[in-house]
Structure formats: structure tokens, C-alpha cells
Amino acid sequence: MIEEKTICICGGGSLGSVIAGIAASGGYRVNILTRRPEKWGDEMTVIDPDGKIFAGHLNKVSDKAGEVIPESDIIFFCLPGTALYDELLKIKPHLSASAIVGSVFSSTGFFITGIDVLGEDARLFGFQRVPYISRLKDYGHSAYLLGYKKSLNIAYWNVSDAPLYTSLFEDMLHTRIVGLSHPLEAMLTNSNPILHPARLYTLFRDFNPEHPFVAPPLFYEDWTDESSEILMACDNEFQSLVKSIGIKQSVIPSLLDYYESVDAASLTRKIRSIVAFKGIYAPTKPTSDGMYVPDYDNRYFQEDIPLGMMLIKYMAQINHIPTPTIDMILHWYEGLTGKHLLSGAEIAESEDTAAIRCLNGPVITKLISTFNV
């Protein structure tokens, strides 16, 4: 452990559980802010792909921010984007001036919502991609770390001692970490916000409720060339956006480069072969007669499209980048949900778009104005 710090993990899901167990096993003092503290034990155990066991004592577990936030130096959000605003409001009265607040991923508007709720002086951090692929084993007690990343990118806002925290997170998470120069480089990612929607579109576009699935399809192992083609088209539009902003491709490589592929077929083979992706099912739910239908309440639908993909669409629109494939997926999503997100190829002025807090124009303008300054 580099320096004695108290970390508060906000969220009791698989990622929060894995990070809590890894950090506690390394000697960090770990608090948990969760809605179900009664389900938690005093220790979290994590099992990695090689069977290595990380186990550590938890300092405090509570559903009351006032019991865990004031003493915490690092507040680490492991929450869906839909929960960010309310959780930030919950912790705000209890934050110390020196505390740093961050998220395991930034693609659903963490920096935007963080600045909006906590103010421009807030000390924020956010990862570009999630640190691990994870799964719960026994809620509140144990979890699986299914896959490490070769390296992680992290961005900061208003953190003068950022290198210290980058070294600390590297020690805590057992992963090489690269500090980025600006939050935009972490906010804009071609991971979940286009990876998941591209697959959802090809999986469920022609779904007929009268012909449900006999078994839930595998999200990655059953990946198709059509899914790869749609994903590559979305990524081409995304790459046009980041190039127009001035973000280097070394910071956000194309998905073909990231997955070491050259075309749709090789991308399909690569995605199907990733060990950490094995056994992950498409978001479905069982029917009363034992069949399966899409689960439109799943976070892939509720988070990655109306938050992650819509943030990319908004950034593309203000930078005058056309996004026909992304628009196609968003229009399909509108048909599923009845939400009014687009008017033709432009973001609609509607109650539905007004409710998407990451589409906060003044904060985004502030962030853009500080890029490369």
C-alpha cells in the first residue's frame, strides 16, 4: 500500500465488490455505501481467473452517507449512470474538502454530472473503461474477477496531485494505469456505449414476442459478423468525432486496433474468443412458460443507449459529425420505449432528452473550452 487512505465504495454490485475485496486485501481501509448493508459481512473475498484469492476486512458498511463519507479520502462510484445524480446529491453534504470523487467508468456522464452537482471546484476522477470484468458469487461476501485489463486510462478534474492518485490506483488495482490529459478523453469511449447497443440491435431488431427464445442467447460467444459490421460503422462515426475534437487515436484507438482485428470476420472471431466474455448472456428474462424475452429494464438498455450513446450523439451533433448508424440504433430504441430522443438526425427538444442529465450543455461547453488549454 502506497499511502494510508480510506476508500468508500458506493454501490454493492459485482464491480464494487471486486474493487472492495482487492483494495481491502492490499491493506486499504474500505467503507461501503450500499442500500442493503444488512446483507454484507465483515470481509469480502475475490477469486481471480487463476484461482488466486484476495480477501480483506471491510471497515464500515452502511446505507447512510454520513456514517462513511466524512472519513473517506476517495469516494469510488461503482454505479450505473442512472444512479449518479442522486448518489452525488446524497454524499455532497458529507464530503471533506480534500476528498476525491470518481467513477469506474465515465461514458455515461460522470464528469458532467459531478461538476453539475458538486461544482467546478470538485476534485474528480474517472476511468475510461471498467477496471475488471466481474460477477457476484455471494452478494455482500464474495465475487469473481473474471478478467484483468492490460492497462487502464484515468482522467482527472481539478486534481493538482493527480500523479499521486494514479500511482495509488495502480497499487490498489494491480493494473498499469495511464493518466490522461483531460476528462473528455475518458468520457468519450467506444466501449459499452457502442459495443452493447450494436449487439442489442442485431440481436433483438427482429424480435417477435410470439416467438420467444428457447434459451437466452450468449451475448459475446454468439456474436455475429453483422454485429461486427454495425459496431465498426458506429466506431467509424465515433472516430470522426474524436478526431474533430483533437483526441489522439493512441488515447482512444479504433475497435479494430483495440481488438487486434482487420475486418468484421476477424473482429467476430476475436470477440467470441475472449475468455472473460464466456458465459455472459444477452439481457433476457424468463416468461411464465419457461421461454425468454428481451429484458428492456436491463442496464444495457437503460444505460448504454439513452446515456452513453446519446452523449456521443450530442457531442457529434455539436461538432457537426454525421452519425447515420448511431441514429439508426437510437430510432430503433425509440420504437421500443416510446421515448422521443431524435427528430430526424438531430436530438429532439423533448421531456425525454431534458431528463438525460449528461446532456448538460453548459458543463460540456466548459469541458470543451478547457481541452488543450
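As the structure is a prediction and not an experimental result, all values here were calculated from the model. Each chain carries its own residue numbering, running from 1 in the direction its sequence is written. The model is predicted, so local features are restricted to residues of pLDDT at least 70 and side-chain atom pairs to those at 80 or more, both for listing and for counting; the totals for chains, interfaces and linings are taken over all residues. Only heavy atoms go into the side-chain values, all of them from the structure, while hydrogens and water stay out.

Trainee: Could you give an account of the sheet that holds strand β11 (residues 151–157), with specific residues and numbers?
Mentor: With respect to topology, 8 strands assemble into an open sheet ordered β5-β2-β1-β6-β7-β8-β11-β12, the strand pairing being mixed. The outermost strands of the open sheet, each flanked by one partner alone, are β5 (60–62) and β12 (176–179). Neighbour to neighbour, the strand axes of the sheet diverge by 20° on average, direction disregarded. Helix α4 (residues 110–118) contacts β6 (74–77), β7 (100–103), β8 (124–127) and β11 of the sheet and is inclined by roughly 165° relative to β8. By the convention used here, residues are in contact when the closest approach between their heavy atoms is within 4.5 Å. With axes taken as lines fitted to C-alpha atoms, and helix axes fitted only over the stretch in contact, angles between N-to-C directions fall between 0 and 180 degrees. Think of it this way: any DSSP run of H or I at least four residues long counts as a helix, any run of E at least two long counts as a strand, and we number them from the N terminus. Strands β1 (6–10), β6, β7, β8, β11 and β12 of the sheet are contacted by helix α5 (residues 162–173), whose axis makes an angle of about 145° with β11. At least two DSSP bridges between two strands are required for those strands to pair.

Trainee: Outline helix α7 (residues 192–204), supporting the account with residue identities and numerical values.
Mentor: Helix span is expected to be 1.5 Å times the residue number reduced by one. With 13 residues, α7 extends 17 Å from end C-alpha to end C-alpha; this agrees with the ideal 18 Å at 1.5 Å per step. Three exposure classes are used, based on accessible area relative to the maximum for each residue type with a 1.4 Å probe and protein chains only: buried under 20%, partly exposed in between, and exposed over 50%. Burial within α7 is extensive, with 12 of its 13 residues counted as buried. Among the residues of α7, P193, I194, L195, H196, P197, A198, R199, L200, Y201, T202, L203 and F204 are the ones counted as buried.

Trainee: Explain the packing of helix α3 (residues 84–91) against α4 to me, using residue names and the numbers behind them.
Mentor: Interhelical geometry of α3 versus α4 gives an angle of 35° and a closest axis separation of 10 Å. Viewed along their axes, α3 and α4 form a crossing whose handedness is right-handed. Mapping the contact onto sequence places L84, Y85, L88 and L89 in α3 and F110, T113, G114, D116, V117 and L118 in α4. For the contact of α3 with α4, the per-class residue count stands at 7 nonpolar, 2 polar and 1 charged. Left-handed describes a crossing whose near helix is turned anticlockwise from the far helix by less than a right angle; the clockwise case is right-handed. Gly counts as polar in this scheme, as do all residues outside two lists: the nonpolar Ala, Val, Leu, Ile, Met, Phe, Trp, Tyr, Cys and Pro, and the charged Asp, Glu, Lys and Arg.

Trainee: Now, about the layout of surface pockets: what can you tell me, with residues and values included?
Mentor: Put simply, the second largest pocket is a space of about 270 Å³. Cavities and pockets are found on a 1 Å grid laid over the protein atoms alone: a cavity is a set of points where a 1.4 Å probe fits but cannot escape, a pocket is an open set with protein on both sides within 12 Å along at least five of seven lines, and a lining residue has an atom within 4 Å of such a point. Forming the boundary of the second largest pocket are 16 residues, of which T82, L307, A355, I356 and R357 lie nearest the centre. Secondary-structure elements contributing two or more residues to the lining of the second largest pocket are α3 and α12 (304–318). Of the residues contributing to the lining of the second largest pocket, the split by class is 8 nonpolar, 5 polar and 3 charged. Grid points are joined across faces, edges and corners, and a volume is the space filled by probe spheres set on the points.

Trainee: Which residues make up the sheet that holds strand β10 (residues 142–148), and what values go with them?
Mentor: The strand order across the open sheet formed by 4 strands is β4-β3-β10-β9, and the pairing between neighbours is mixed. In this open sheet, the two edge strands, each paired with only one partner strand, are β4 (53–57) and β9 (132–138). Here the average twist between neighbouring strands, direction ignored, is 25°. Across the sheet, helix α1 (residues 14–25) touches β3 (43–47), β4, β9 and β10, and the angle it forms with β9 is around 90°.

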